[in-house]
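Each chain is listed here by its residues.
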Amino acid sequence: MKRFRTISEFHEFVQLPKPQHPLLSVVDVGTVPHRYGPEPTSMVFDFYSISIKRMRHVQMKYGQHSFDFNEGVLSFMAPNQVFSMAVADDAEEVEKSGWVVYLHPDFLWNTSLAKTIQQYDFWDYSLKEALFLSAKEEAAILNLVFAIAQEYASTIDRFSKQIIVSHLESLLHYADRFYNRQFLTREKANHEVLERLETLLHAHFNSPDLVEQGLPTVQYVADSLRLSPKYLGNLLRVLTGQNTQQHIHAALIAKAKEKLSTTTLTVSEIAYGLGFEHLQSFSKLFKTKTSLSPLEFRASFN
């Protein structure tokens, strides 16, 4: 694995000129010499990366998921995230275009963005959850990238940093808005996620191994659906108004109600059978979600 602690180290690796600022770089993807072979090259940055690009015949892997850049997409990577790149086996010529902004956290020191940058959940999305832009959206993002590039290429003065940070904040705000649009407009794919989530939770709470498996966690659900936890939570919140944990609790309470109304099992047996180690935890959650204790629910049902 190749770790790049500075932007200058990465520039040297990909045979680019030394960056004009040690903590910031704006790169035209088309000018980057090709350095990848058929075997994946794993890398990790100690800095942020914001990219809008298309790349044909290049296979990129982030975590355990493959991703292709044949469509123009906007993607974000925070420091310390591992990814790998390789040339496709059948590639004749690598084709690439677009722009990348590399941003070291130290550049943001003593700025408003230093306090807010991690509030944007898309830093934790996987590459396959990148933002697919409309032509109008892509133009808006590129205008901001070009503005950053222009300031980056200018003589550094006491205004430069704040102007660049202002453009970066605008870019992140637009990305947040466009992701919300993507959650709403990719209706078929997103509702398929909902269906898979419901199927997964139904299978889990009806499994004969539920006691051994325990309650499903957000991480377990996200991994099972092959999505990042933050992306899944935000997708569900936009579509249903509830996050992943709330969906897990809803499935749990539905199963608890079924057992309370159709069996003679004690509340303790039901709690244990649903994966709870402590009766108090189950009773507290049930009352929070239904305004009734398990025994009150059973009595009202009968």
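Owing to the predicted nature of the structure, the values given are computational and were not obtained by experimental measurement.

Asker: Kindly report on the overall build of the protein, identifying the contributing residues and their values.
Answerer: Check the secondary structure of the protein and you find 12 helices and 8 strands. The burial tally for the protein puts 46% of its 302 residues in the buried class. A separation threshold of at least 6 residues defines the contact pool for the protein, and within that pool the share at least 24 residues apart is 73%. Approximately 16,000 Å² of the protein is accessible, and the part contributed by carbon and sulfur atoms is 50%.

Asker: Please set out the nonpolar core residue by residue, giving values where relevant.
Answerer: Ranked by size, the top nonpolar core spans 65 residues in total, and within it F76 and W123 carry the most contacts. Here this core takes 9 residues from helix α4 (residues 160-185), the largest share from any one element. In contact with F76, not counting residues within four places along its chain, are S49, I50, F122, W123, L171, L172, A175 and Y179. V14, L16, F47 and V100 belong to the second-largest nonpolar core, a separate cluster that totals 16 residues.

Asker: How would you sum up the pairing of strand β3 (residues 41-45)? Please name residues and give values.
Answerer: Summarising burial for β3: 4 of the 5 residues are buried, a large majority. As judged from the 3 bridges shared by strand β1 (residues 2-4) and β3, these two strands associate in the parallel manner. Bridging from a neighbouring strand, F4 pairs with F45 of β3.

Asker: Go over the environment of S25, please, and point to the residues and values.
Answerer: Looking at the secondary structure, you find S25 in strand β2 (residues 24-28). Residue S25 is classed as buried on the basis of its relative accessible area, which comes to 0%. Taking C-alpha positions, S25 is 9.7 Å from S49, a pair spaced 24 residues apart along the chain. The residues contacting S25, other than those within four sequence positions of it, are I7, H11, P19, V100, V101, Y102 and Y152. Of note is the side chain of S25, whose polar atom sits 2.6 Å from the side chain of H11.

Asker: Now, about the packing of aromatic side chains: what can you tell me, with residues and values included?
Answerer: For the coordinates displayed, the defined rule picks out 24 aromatic pairs. Between Y48 and W123 the ring centres are 4.7 Å apart and the planes differ by 55°, which places this aromatic pair in the tilted class. Residue Y48 is found in strand β4 (residues 48-62), and its partner W123 is found in the loop between α2 (112-116) and β8 (131-132); the two are separated by 75 residues along the sequence. With centroids separated by 4.9 Å and ring planes inclined at 85°, the aromatic side chains of Y125 and Y231 adopt a geometry described as edge-to-face. Residue Y125 is located in the loop between α2 and β8, and its partner Y231 is located in helix α8 (residues 229-240); the two are separated by 106 residues in the primary sequence. On the basis of relative accessibility, which here comes to 7%, the residue Y231 falls in the buried class. Pairwise contacts between aromatic rings join Y48, F76, Y120, F122, W123, Y125, Y179, F183 and Y231 into one cluster. For the cation-ring pair, K161 lies above F107, with the distance from its terminal atom to the ring centre recorded as 5.9 Å.

Asker: Lay out the environment of A271 with the relevant residues and their values.
Answerer: With respect to the element layout, A271 can be found in helix α10 (residues 267-273). Once residues within four sequence positions are removed from consideration, A271 is found in contact with F276, L279 and F282.

Asker: How would you summarise α4 if you had to cite specific residues and measurements?
Answerer: For an α-helix, 3.6 residues make a turn, and residues three or four places apart therefore share a direction. Its 26 residues place the ends of α4 37 Å apart at the C-alpha level, agreeing with the 38 Å of an ideal helix rising 1.5 Å per residue. For α4, the full list of buried residues reads S160, I164, V165, L168, L171, L172, A175, F178, Y179, Q182 and F183.

Asker: Could you give an account of the confidence of the model for the protein, naming the residues involved and the relevant values?
Answerer: Here the protein averages 86 in pLDDT, and 87% of its residues register 70 or above. Per-residue pLDDT, averaged within each element of the protein, yields its smallest value for strand β5 (residues 65-77) (65) and its largest for helix α7 (residues 218-224) (95). This model gives residues 61-65 a pLDDT under 50, and the stretch forms 15 contacts once residues within four places in sequence are excluded.

Asker: I'd like a description of the packing of helix α9 (residues 244-262) against helix α12 (residues 294-301), backed by residues and values.
Answerer: The geometry of α9 relative to α12 is characterised by a closest axis approach of 9 Å and an angle of 55° between their N-to-C directions. Accordingly, the angle class assigned to the pair α9 and α12 is oblique. Crossing hand, α9 versus α12: right-handed. The residues of α12 that touch α9, namely those facing K257, K259, L260 and S261, are P294, F297, R298 and F301.

Asker: Give me the side chain of Q81: which residues, what numbers.
Answerer: Residue position: Q81 is located in the loop between β5 and β6 (82-87). Looking at Q81, its side chain comes within polar contact range of the main-chain nitrogen of A78, at 2.8 Å. Among the polar contacts listed, one links the side chain of Q81 to the backbone oxygen of W123, at a separation of 2.9 Å.

Asker: Describe the side chain of T111, naming the residues involved and giving the relevant values.
Answerer: Along the polypeptide, T111 turns up in the loop between β7 (95-103) and α2. Excluding residues within four positions of it along the chain, T111 makes contact with K161 and V165.

Asker: Any chance you could break down unusual backbone geometry for me, citing the residues and the numbers?
Answerer: Comment: phi is negative for the bulk of residues other than glycine, and the bulk of peptide bonds are trans. Unlike most non-glycine residues, N80 shows phi in positive territory, near 75°. Looking at the secondary structure, you find N80 in the loop between β5 and β6.

How each quantity is defined
- Residues numbered from 1 in each chain as written.
- Predicted model: local features only at pLDDT ≥ 70, side-chain atom pairs only at ≥ 80, totals over all residues.
- Heavy atoms only, no water.
- Helix = DSSP H or I, 4+ residues; strand = E, 2+ residues; numbered from the N terminus.
- Buried < 20%, exposed > 50% of the residue type's maximum accessible area, 1.4 Å probe, protein only.
- Contact = heavy atoms within 4.5 Å.
- Areas by Shrake-Rupley, 256 points an atom, 1.4 Å probe, with all protein chains shown as cover.
- Core = buried A, V, L, I, M, F, W, Y, C linked by side-chain atoms within 4.5 Å.
- Pairing = 2+ DSSP bridges.
- Polar contact = N/O pair within 3.5 Å; in protein donor to acceptor, adjacent residues only side chain to side chain.
- Phe/Tyr/Trp six-rings, centres within 6.5 Å; stacked < 30°, edge-to-face > 60°.
- Lys NZ or Arg CZ within 6 Å of the ring centre and 35° of its normal.
- Expected span 1.5 Å × (residues − 1).
- pLDDT = per-residue confidence, 0-100.
- Axes fitted to C-alpha atoms, helices over the stretch in contact; angles between N-to-C directions.
- Parallel < 35°, antiparallel > 145°, perpendicular 65-115°, else oblique.
- Left-handed = near helix turned anticlockwise from the far one by under 90°.

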